[in-house]
Each structure stands twice: as structure tokens, then as C-alpha cells.
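Understanding the architecture of this molecule
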Amino acid sequence: MSFLFGGRGNKTFKPKKNIPEGSHQYELLKHAEATLGSGNLRMAVMLPEGEDLNEWVAVNTVDFFNQINMLYGTITDFCTEESCPVMSAGPKYEYHWADGTNIKKPIKCSAPKYIDYLMTWVQDQLDDETLFPSKIGVPFKRNFMSVAKTILKRLFRVYAHIYHQHFDSVMQLQEEAHLNTSFKHFIFFVQEFNLIDRKELVPLQELIEKLTTKDR
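Going by an unreviewed UniProt entry, the protein carries the name MOB kinase activator 1B and comes from Salarias fasciatus.

Here we look at the pattern of salt bridges
The tally for this structure, following the rule as stated, stands at 3 salt bridges. Put simply, arginine 157 and glutamate 200 hold a salt bridge, and the shortest N to O gap is 3.4 Å. Here arginine 157 is found in helix 5 (residues 144-172), whereas its partner glutamate 200 is found in the loop between helix 6 (176-192) and helix 7 (205-213), with 43 residues between them in sequence.

Remarks on the layout of surface pockets
There is about 280 Å³ of room inside the largest pocket. Lining the largest pocket are His164, Asn180, Val202, Pro203, Leu204, Gln205, Glu206, Leu207, Lys210 and Leu211. Examining the composition of the lining of the largest pocket, we find that 5 residues originate from one element, helix 7, more than from any other. Taken together, the residues of the lining of the largest pocket break down into 5 nonpolar, 3 polar and 2 charged. If you add up the space inside the second largest pocket, you get close to 240 Å³. Along the walls of the second largest pocket sit 11 residues, with Gln191, Arg198, Leu201, Gln205 and Ile208 positioned nearest its centre. Those elements giving two or more residues to the lining of the second largest pocket turn out to be helix 6 and helix 7. In terms of residues, the lining of the second largest pocket owes the most to one element, helix 7, which gives 4 residues.

What about unusual backbone geometry?
The phi dihedral of glutamine 174 falls on the positive side, at around 55°, and the residue is not glycine. Among the structural elements, glutamine 174 can be located in the loop between helix 5 and helix 6. Despite not being glycine, asparagine 194 has its phi angle at roughly 55°, a positive value. Residue classification places asparagine 194 among the exposed residues on the basis of a relative accessible area of 59%.

Considerations on helix 5
Along an α-helix, residues three or four apart share an orientation, since each turn contains 3.6 residues. The terminal C-alpha atoms of helix 5, which comprises 29 residues, lie 39 Å apart, in line with the 42 Å expected from a rise of 1.5 Å per residue. Maximum bend of helix 5: about 85°, positioned at histidine 166. Following helix 5 by one or two positions, glutamine 174 adopts a phi angle in the positive range, close to 55°.

With respect to the confidence of the model for the protein
When pLDDT is averaged along the protein, the result is 88, and 91% of the positions lie at 70 or above. Of all the helices and strands in the protein, helix 1 (residues 24-37) carries the lowest mean pLDDT, 75, while helix 5 carries the highest, 97.

Conventions and cut-offs
- Residues numbered from 1 in each chain as written.
- Predicted model: local features only at pLDDT ≥ 70, side-chain atom pairs only at ≥ 80, totals over all residues.
- Heavy atoms only, no water.
- Salt bridge = Lys/Arg side-chain N within 4 Å of Asp/Glu carboxyl O.
- Helix = DSSP H or I, 4+ residues; strand = E, 2+ residues; numbered from the N terminus.
- 1 Å grid on protein atoms, 1.4 Å probe; cavity = no way out; pocket = protein on both sides within 12 Å on 5 of 7 lines; lining within 4 Å.
- Points joined across faces, edges and corners; volume = space filled by probe spheres on them.
- Nonpolar A, V, L, I, M, F, W, Y, C, P; charged D, E, K, R; others polar.
- Buried < 20%, exposed > 50% of the residue type's maximum accessible area, 1.4 Å probe, protein only.
- Expected span 1.5 Å × (residues − 1).
- Bend = angle between axes of the 7 residues up to and from the residue.
- pLDDT = per-residue confidence, 0-100.

Quick look at the structure:
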């Protein structure tokens, strides 16, 4: 689940979010890594028997944040104010940032600025113990799933930007296998639990079809 990257692999865009060792969530993460190792991603994303859906979504959301963090960390030199003055996913899709608290009205900004806002916002959600409790027995808030869906919808935009604007750089760095495996895992997960609206996935629709049809 946590992919190792060549050469520049230790560079993450934001600090990695660790799941405390010995916790139940850590055990779940280990279970997910073991099933991923089997190579069957459809099986790997399914809710393990007897487990809580919120907890499973929480553990995987943290893991996807860490994966995207590493993937974007490998190409930050190529994603600049000059190369990416707007946050886009191809010529048809442009994203404007708003988080509903600090920035209420969507603002147009460069991709590196947008992704910085986005990853900082996600990090703040993951660090909020009332939203992402790390201790056993602490219940999830009633709005947990809607927050998780917003996080995943926004993380998808980083994948979309990397694929549309920086895939040449990813290939130069020989990271395309990592990117494809990570994205495929992400898509199987959000499809399994219906976590992102289909219209949000349109910028990568062709790729999604290509990556998922082989495994039906």
C-alpha cells in the first residue's frame, strides 16, 4: 500500500501522517497492505469482515493522503507558478480553491498554491482527533463520511492534475507504475464504497475505464 519510490522517493510534499503502531487502525493498515500484496485490488479494498466502515475509510484515507503526498513530492520541481498558473486537469477542467472557513469564495490560483492549500486542509482534517479518532472506542462523528468524501474528492484532483499536466515528468522519473498502481487502488476504493460522484471523475474517465475494465 505504501509504495517505495526510486531516487527522489524520500521527498514528501507535506509531512507523512503516521498511524500509531499497536493501534487497531495500524492493524487494519497492515491487513490492507497484506491483501494488496496479493495483487487483487478489488479484494483488497473490500471491508474486512467484522470491521467498522468508518474506521476502514479513515485508515485508507490517511494512506491515500500519504501516497499522493509522495507522488506529488516527486514532481514539485516541475509544478511551478510558471508552468501551472491555474489548477487544471487538461484544457476543459479548472479548479478554484475554497475551504468554507478561511476561504469562503472560490479563488483562482496556481496549481502549486492550490495543492498546498488542499494538502494543508486535508492534513488539518486528519489531525483533528474528533474527526479522525486514533484511540479505540472513540466514536466517529456523524458527519465523518461526508468529510471523508470531500477529502477524497479533493485528493482525486491532485491525481488528475499530475496525469494531465505532468505525466511526461512522471515517465522521465520512471514513476508511472507507482502512479498507476496508486491511482488504480484509489479508484477501486472509492468505487467500492461510492465515495466520489461520477461527474467529479470525468477528467480521468478514459484512464479509469482502462485501469478497471481488466479487473471486472
